[in-house]
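# Descriptive analysis of the structure
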Amino acid sequence: MQTTPTPSRGRTLRHAAYGVLATVVGLAAAHLVAALTVPAASPVLAVGSTVIDLTPTPLKEWAIREFGSADKIILVGSVTVVVLLLAAAAGIIAAKRETVGLLIVVGLAGVAGVLAVLRPGSGPLDIVPALVAAVVAATSLWWLHRIDDRSATGASPTGDGPSRRGVVLATGGLAAAAVTMGALGRWVTSYRLGGTDIALPVATDPAAAVPQGLETMYDGISPLQTPNADFYRVDTRLSVPAVDVDSWTLTIDGDVDKEVTLTFDDLAAMGVVERDITLTCVSNPVGGPYVGAARWLGVPLADVLARAGIDSTKADQILSTDVDGMTISTPLDVALDGRDSLIAIGMNGQPLPRENGFPVRMVVPGLYGFVSACKWITRMTLTTYDAEQAYWTERDWAIDAPIKLSSRIDTPRALSKTPAGQVIIGGVAWAQGSGIDKVDVRIDGEAWKPAKLGPEVGDDYWRQWYFEWDASPGQHFLAVRSTNKDGDVQTDVRMASFPEGSSGIQEISVTIE
Ligand SMILES: Nc1nc2c(c(=O)[nH]1)N[C@H]1C(S)=C(S)[C@@H](COP(=O)(O)O)O[C@H]1N2
Ligand SMILES: [Mo]
């Protein structure tokens, strides 16, 4: 009796795998081509970046809070899983209706291509990786079908399915090609990302040596100067931009007397100063990690703007643009009120790391990074908040966002266990602009007691502190609060990061054994 062959589960899975494999080969080829042309146009990155920009602010805040710097890995992972599920579906459909399956694969790449081209600051080249992905993925799927058909006609009479040799060789070959192209793409990217090793000018106005910090005496307190490799990183980028310092320029335009464009050498020749400034992210929760202290080398912002001649009767905003078209606003009057606003080219004696804005970024003491610290900066446009809105302004964040007075317990860690006896409670406190005057510690809800302060570096810099605690066994609650030199005391009113920075007091629970 002749039965209609129903597609077995094995066959469905096989075709799902073809869809996935073909797509992975396409993505790997696209990644390699992107690495050679525009790294950010790699399909997964283009889709991921668009997802980031479209994510509602509360969800983004939650992701930063929950996953910290892993938020990007989780995002890329989720995008990849969704794409691969769609690819598996395309493979299954292609088993019955090949053209439809191939069109789905091409369509997936097409979506990535459209998103890549729509990214701010993208150029026509950005479509190329997606085109490559479409051609390679569709061709691979088509080819896998041919191999599959051929091995099926050579099916063994014993009924144990098609001869698999051809299929195994083809899939193995494609998988190897994907791994090779992916690895090559990574290598090319890291090769292109090399070379931040540039000569920095000597500061005309150097800072005094950084004093020895409390971390040398008490384990667990944040170093007085945050090493570049440990500096926090917050930005909307999935891949770090590879900026070539020789072709990099900074343009100042908008409400200016004359538009000017400076090269890196122009900037470096302008007279650079060294300033110790603690940077803070508006998304830092009370007690959180998105704060870091560094010695910045840079040209005073006012000097750079003076090159173009600014008209502050008209403009109220500096709209900074980075190499990819990302925008950051800064209130003009705040930036020029006499504080040490910098166009920075060096960090802790080194060129800026790629992650922190190589080759040039803005640093404005006292303002959260999202309204001041534009990394990979290429343009400053003097304009008004009415006329033009930056990335976070469009997302309803505050436009004038001074860093709030805050403090953090670094040691002991929350929920840790420590032997009874003398325990050092310690951490950092910051009040950019006015400086820290006093830090108090509260144990188990009793009266606030003054902590001892570490060395003073400057009012824009954080202050280390410690408290010698005679700790008895049991669970204890530790809290910290700071007071600035104007006499303002850190508030205990809890506020979320959105829209102008968190507030409240950090209180942790520890166990003494
Ligand atoms: N081009 C660009 N600059 C940017 C950002 C960004 O997303 N893109 N993020 C800002 C934010 S929110 C902060 S807190 C600081 C963080 O600087 P860091 O990553 O060097 O610590 O950079 C700012 N500069
Ligand atoms: Mo930030």
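Residues numbered from 1 in each chain as written. Chains lettered and ligands numbered in written order. Predicted model: local features only at pLDDT ≥ 70, side-chain atom pairs only at ≥ 80, totals over all residues. Heavy atoms only, no water.

### Section: the overall build of the chain
What counts here: Counting from the N terminus, the helices are DSSP H or I runs at least four residues long and the strands are E runs at least two residues long. Each residue gets one of three labels from its accessible area relative to the maximum for its type: buried under 20%, exposed over 50%, partly exposed in between, using a 1.4 Å probe on protein chains only. Here a residue-residue contact requires only that any non-hydrogen atoms of the pair lie within 4.5 Å. Here the open area of atoms and residues is found with the Shrake-Rupley method and a 1.4 Å probe, where only the protein chains shown may cover a residue.
Helix and strand counts for the chain come out as 11 helices and 19 strands. Counting only C-alpha atoms and orienting by the principal axes, one finds that the chain spans roughly 95 × 70 × 40 Å. In the chain, which comprises 513 residues, the proportion classed as buried is 51%. A separation of at least 24 residues holds for 74% of the contacts in the chain among residues at least 6 apart in sequence. For the chain, the computed accessible surface area is about 23,200 Å², with 58% contributed by carbon and sulfur atoms.

### Quick word on unusual backbone geometry
In this chain, Phe358 is followed by Pro359 through a cis amide linkage whose omega measures 5 degrees. Relative to the assigned elements, Pro359 resides in the loop between β8 (350-351) and β9 (361-363). Looking along the chain, the bond that leaves Thr411 and enters Pro412 is cis, with omega of -5 degrees. Looking at where Pro412 falls in the secondary structure, it is placed in the loop between β11 (406-411) and β12 (417-418). Unusually for a residue other than glycine, Asn348 sits at a positive phi of about 55 degrees.

### Examining the UniProt feature "transmembrane region" (unreviewed entry) in the chain
Using the following cut-off: UniProt positions are given in the numbering used here, feature names are shortened, and annotations may be inferred rather than shown by experiment.
Per the UniProt record, "transmembrane region" (unreviewed entry) is annotated on residues 72-93, 100-121, 127-145 and 166-188. Its end C-alpha atoms 32 Å apart, residues 72-93 is made of 100% helix and 0% strand. Across residues 100-121, the secondary structure splits into 86% helix and 0% strand, with the terminal C-alpha atoms separated by 34 Å.

### Observations regarding the pairing of strand β3 (residues 273-280)
What counts is decided by this rule: Paired strands are those between which DSSP finds at least two bridges.
Here β3 lies mainly inside the structure; 8 of its 8 residues are buried. Where β3 lies against strand β4 (residues 291-300), 8 bridges are found, and the strand directions are antiparallel. If you follow Leu279 over to β4, its bridge partner there is Gly292.

### Some details on the site of ligand 1
The condition is simple: Whether a residue is near a molecule or strand depends on its heavy atoms: if one lies within 4 Å, it is near. Polar contact criterion, stated in full: a pair of N or O atoms within 3.5 Å, where within protein one must be able to donate a hydrogen and the other to accept it, and residues adjacent in sequence count only if both atoms are side-chain atoms.
Taken together, 20 residues sit near ligand 1, with Tyr232, Asp322, Asn356, Arg361 and Lys375 positioned nearest. Arg361 has a polar side-chain atom sitting 2.7 Å from an oxygen atom of ligand 1. Interatomic distance of 2.5 Å between a side-chain N/O atom of Lys375 and an oxygen atom of ligand 1. A total of 540 Å² of accessible area belongs to ligand 1 in isolation, and the protein chains cover 99% of it.

### Quick look at the sheet that holds strand β17 (residues 463-471)
With antiparallel pairing, 4 strands are arranged side by side in an open sheet as β11-β13-β17-β16. Among the strands making up the open sheet, the edge pair consists of β11 and β16 (452-453). By the bridge criterion, 2 bridges tie β16 to β17 in an arrangement that is antiparallel. Residue pairing across strands places Lys452 opposite Tyr466, the latter belonging to β17.

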